[in-house]
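A structural walkthrough
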Amino acid sequence: MAEFTMELNDEQREVRDWLHGFAADVIRPAAAEWDEREETPWPVIQEAAKVGIYSLDFYAQQYFDSTGLGIPMAMEELFWGDAGIALSIVGTGLAAVGVLANGTEEQIGTWIPQMYGDPGDVKVAAFCSSEPDAGSDVSSMRTRAVYDQAKDEWVLNGTKTWATNGGIANVHVVVAVVDADLGSKGHASFIVPPNTPGLSQGQKFKKHGIRASHTAEVVLEDVRVPGSCLLGGKEKLDERLARARERVRAGGGERVKNAAMATFEASRPAVGAMAVGTARAAYEVALDYARTREQFGRPIIDNQGVAFQLADMRTSIDAARLLVWRASWMAVNGRPFTAAEGSMSKLFASETAKKVTGQAIQILGGNGYTREYPVERMHRDAAIYTIFEGTSEIQRLVIARTLSGMPIR
Ligand SMILES: Cc1cc2nc3c(=O)[nH]c(=O)nc-3n(C[C@H](O)[C@H](O)[C@H](O)COP(=O)(O)OP(=O)(O)OC[C@H]3O[C@@H](n4cnc5c(N)ncnc54)[C@H](O)[C@@H]3O)c2cc1C
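Quantities reported herein were computed from a predicted structural model and do not represent experimental measurements.

1. Let's talk about the packing of helix α1 (residues 10-37) against helix α11 (residues 375-382)
At a closest axis distance of 11 Å, the pairing of α1 and α11 adopts a crossing angle of 70 degrees. By the criterion of interaxial angle, the relationship of α1 to α11 is roughly perpendicular. Relative to α11, the crossing made by α1 is left-handed. Each of R28, A31, A32 and D35 in α1 lies in contact with α11, whose residues at this interface are R377, M378 and R380. A breakdown of the residues in the contact of α1 with α11 according to their chemical character gives three nonpolar, no polar and four charged.

Rendered as structure tokens:
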């Protein structure tokens, strides 16, 4: 197990500088345009694929880095560039993590490469868990997967919503109910391969922020997938369901993680790192502006009212990064989140991003409120971090339940 460290090693520093260069030279200059267009920035994804940033290899290298700092460092730099474009680049990763967390080696080897495509023909993937009536409350999920034993196929029916890359993805990972009596413990994840009949895109959402990232409904009508598309395989599912039924019969007992939750637990510190990237970007713009903008014959940073805000902003950003790095190190090294450290990191970092980007607008005054300066966009973008992958209220619920051992509602 790697010791927890707050220092990037030489190799990590090199990767960070390379990512920062891409974020500064390719992502940031394109940010305003794709925010206005509200479309997936395919040319930027392609550029990222060409240099190796949009690839399975790159994320696997970061994901398996035993210091735990690979993924947060990468997320922070890319999201520093721009949140909407960066989400278009890393959104496929949520689906990939869904397969890594629940799939067999064969499924990982078959499907993850198809999620990314190749630099000459890039593809994206979508992870579809949320539904119109099942957001925070995943146990209300209605999408059903029924096994057709004669054909060894699963038949999926339902409507997913808020899916990043939903409908434009080459591969969709869909969470569905296989045993309605077991609530969220009766869920399983399925691969829906490219061009499977019955899967279509519903409404594409027009959003407040991260507008370069495609978010849409995914409609599943009698979607038939081979038995091999059940992540983890039938035998493992049957065993898991039998254990869950046994626990229900015994009146509860040890809690069982469901498939979607396993994905979210692994990805929460990564979302925290995205939020740190956006917060740091806005803080840097504000610091620069406060040093150069003069009022009353001196730079506005000469006023404690402005300088103290910047001091608070930087303090919160550094604290958020520390929580994210700790959680990420714990996750990679198999340390259990006994105090819900993953949720803590996501909660604090996302609330920090929302607050810091708002403070940045204030420091830029009228300019901060316009689209001539990037902090307005960063503030709109930051609002997503307290919503997706579990809202701030749900993170607090997870933390409070973990600390107290009580079923707090
Ligand atoms: C841009 C975007 C991208 C997304 N990408 C994906 C994706 O790729 N895949 C995917 O599956 N999902 C995705 N989501 C869905 C996202 O995870 C959900 O929006 C989120 O989980 C919240 O669900 P909801 O929107 O239904 O809100 P609701 O669950 O309806 O919550 C509404 C409000 O009630 C509060 N609330 C609910 N229950 C409680 C409680 N018990 N205690 C206190 N407060 C509570 C919430 O905190 C929130 O403030 C995305 C969402 C957005 C906006």
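Having seen the model, we can carry on.
2. Examining the site of the ligand
Around the ligand, the surrounding shell holds 20 residues, and the nearest of these are F127, S136, W162, T391 and E393. T391 is positioned with one of its side-chain polar atoms (N or O) 2.6 Å from an oxygen atom of the ligand. The contact in question runs from an oxygen atom of the ligand to an N or O atom on the side chain of E393, over 2.6 Å. When the ligand sits alone it has 970 Å² of accessible area, and the protein chains cover 68% of it. Mapped by element, the contributors of at least two residues to the shell around the ligand are β3 (125-128), β5 (153-164) and α12 (392-404). Looking at side-chain class alone, the shell around the ligand contains ten nonpolar, seven polar and three charged residues.

Parameters and conventions
Within each chain, residues carry numbers counting from 1 in the order of the written sequence. Given that this is a predicted model, residues contribute local features only at a pLDDT of at least 70 and side-chain atom pairs are listed and counted only at 80 or more, while totals for whole chains, interfaces and linings are drawn from all residues. Values shown for side chains rest on all heavy atoms present in the structure; no hydrogens or waters enter the calculation. Interaxial angles span 0 to 180 degrees and are taken between N-to-C directions of axes, which are lines fitted to C-alpha atoms, for helices over the stretch in contact. Going along the chain from the N terminus, every DSSP run of H or I of four or more residues is numbered as a helix, and every run of E of two or more is numbered as a strand. We call two directions roughly parallel when the angle between them is under 35 degrees, roughly antiparallel when it is over 145, roughly perpendicular when it lies between 65 and 115, and oblique otherwise. Crossing chirality is assigned from the near helix's rotation relative to the far helix, an anticlockwise turn below a right angle marking it left-handed and a clockwise turn marking it right-handed. By definition in these notes, contact holds between two residues if any of their heavy atoms fall within 4.5 Å. Put simply, Ala, Val, Leu, Ile, Met, Phe, Trp, Tyr, Cys and Pro go in the nonpolar bin, Asp, Glu, Lys and Arg in the charged bin, and everything else, Gly too, in the polar bin. When we say a residue is near a molecule or strand, we mean one of its heavy atoms is within 4 Å of it. N or O atoms closer than or at 3.5 Å make up a polar contact, with two conditions inside protein: a donor-capable atom paired with an acceptor-capable one, and, for residues adjacent in sequence, both atoms drawn from side chains. Here the Shrake-Rupley method, with its probe set to 1.4 Å, supplies the accessible areas, and only the displayed protein chains count as covering residues.

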